[in-house]
Amino acid sequence: MENQTVQEFHVTYFDADCGRSRAEVFDTMAEAQRFANRHCHGEDSWVVIDAVTAEPARIAA
């Protein structure tokens with residue numbers, strides 16, 4: 001079994017409705033950007049997208 005690194009995209013955003021920051025994880029940058037665009041509106045909103053390299057989990061046979 002070959003180990004390949006996987007890149008995932010963490011989106012952290014401020015939810016003005018509840019006054020808290022929240023986070024979501026996506027497999028592609030396009031998905032992360034669509035989500036960020038939906039949640040970043042208004043004066044008090046902010047969104048950060050971080051590309052994170054993660055090692056895939058191994059599943060025992």
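Scroll up to find the structure.
Residues numbered from 1 in each chain as written. Predicted model: local features only at pLDDT ≥ 70, side-chain atom pairs only at ≥ 80, totals over all residues. Heavy atoms only, no water.

Trainee: Please provide a residue-by-residue account of the side chain of Asp-15, values included.
Mentor: Position of Asp-15 among the secondary structure elements: in strand E1 (residues 6-15). A polar contact is formed between the side chain of Asp-15 and the side chain of Arg-22, at a distance of 3.2 Å. With residues near it in sequence (within four places) discarded, Asp-15 still touches Arg-20 and Arg-22. (Helix = DSSP H or I, 4+ residues; strand = E, 2+ residues; numbered from the N terminus. Polar contact = N/O pair within 3.5 Å; in protein donor to acceptor, adjacent residues only side chain to side chain. Contact = heavy atoms within 4.5 Å.)

Trainee: Explain the sheet that holds strand E3 (residues 47-54) residue by residue, including any values.
Mentor: With antiparallel pairing, the 3 strands of this open sheet are ordered in space as E2-E1-E3. Of all the strands in the sheet, the pair left with one neighbour each is strand E2 (20-26) and E3. The mean angle between the axes of side-by-side strands here comes to 25°, regardless of whether they run parallel or antiparallel. Two elements, E1 and E3, share 8 bridges in a ladder whose sense is antiparallel. Note that in E3 the partner of Phe-9 across the bridge is Ala-51. (Pairing = 2+ DSSP bridges. Axes fitted to C-alpha atoms, helices over the stretch in contact; angles between N-to-C directions.)

Trainee: Requested: an account of the environment of Cys-40, with residues and values cited.
Mentor: Here Cys-40 lies in the loop between helix H1 (29-39) and E3. On the basis of relative accessible area, Cys-40 is assigned to the partly exposed category, the value being 40%. On a C-alpha basis, the gap between Cys-40 and Phe-14 in space is 8.2 Å, while along the polypeptide they are 26 residues apart. (Buried < 20%, exposed > 50% of the residue type's maximum accessible area, 1.4 Å probe, protein only.)

Trainee: Quick one: what's the story with the nonpolar core, residue by residue and with numbers?
Mentor: Counting residues in hydrophobic clusters, the biggest one holds 7 residues: Phe-9, Val-11, Tyr-13, Phe-26, Ala-32, Phe-35 and Ala-36. Only E1 and H1 provide two or more residues apiece to this core. Ala-32 has contacts with Phe-9, Val-11, Phe-26 and Ile-49, leaving out every residue within four places of it along the chain. (Core = buried A, V, L, I, M, F, W, Y, C linked by side-chain atoms within 4.5 Å.)

Trainee: Explain the pairing of E2 to me, and be specific about the residues and the numbers.
Mentor: Consecutive side chains of a regular strand alternate in pointing toward one face of the sheet and then the other. Sheet analysis places E1 next to E2, joined by 7 bridges and oriented antiparallel. Within the sheet, the bridge partner assigned to Val-11 lies in E2 and is Glu-24. What sits between the antiparallel neighbours E1 and E2 is a turn of 4 residues, in which Gly-19 has the positive phi angle 75°.

Trainee: An account of the packing of aromatic side chains is requested, with residue identities and associated values reported.
Mentor: A complete count under the given rule lists 3 aromatic pairs for this structure. With a centroid separation of 5.2 Å and an interplanar angle of 70°, the aromatic rings of Tyr-13 and Phe-35 are classed as edge-to-face. Taken as a pair, Tyr-13 in strand E1 and Phe-35 in helix H1 lie far apart in primary sequence, 22 residues in all. The class for Tyr-13 is buried, based on a relative accessible area of 6%. With a centroid separation of 6.5 Å and an interplanar angle of 20°, the aromatic rings of Phe-14 and Trp-46 are classed as stacked. Linking Phe-14 in strand E1 with Trp-46 in the loop between H1 and E3, this pair joins segments that are 32 residues apart in sequence. Of the residues examined, Trp-46 reaches a relative accessible area of 37% and is grouped as partly exposed. One aromatic cluster is present, built from ring pairs that chain together Tyr-13, Phe-26 and Phe-35. (Phe/Tyr/Trp six-rings, centres within 6.5 Å; stacked < 30°, edge-to-face > 60°.)

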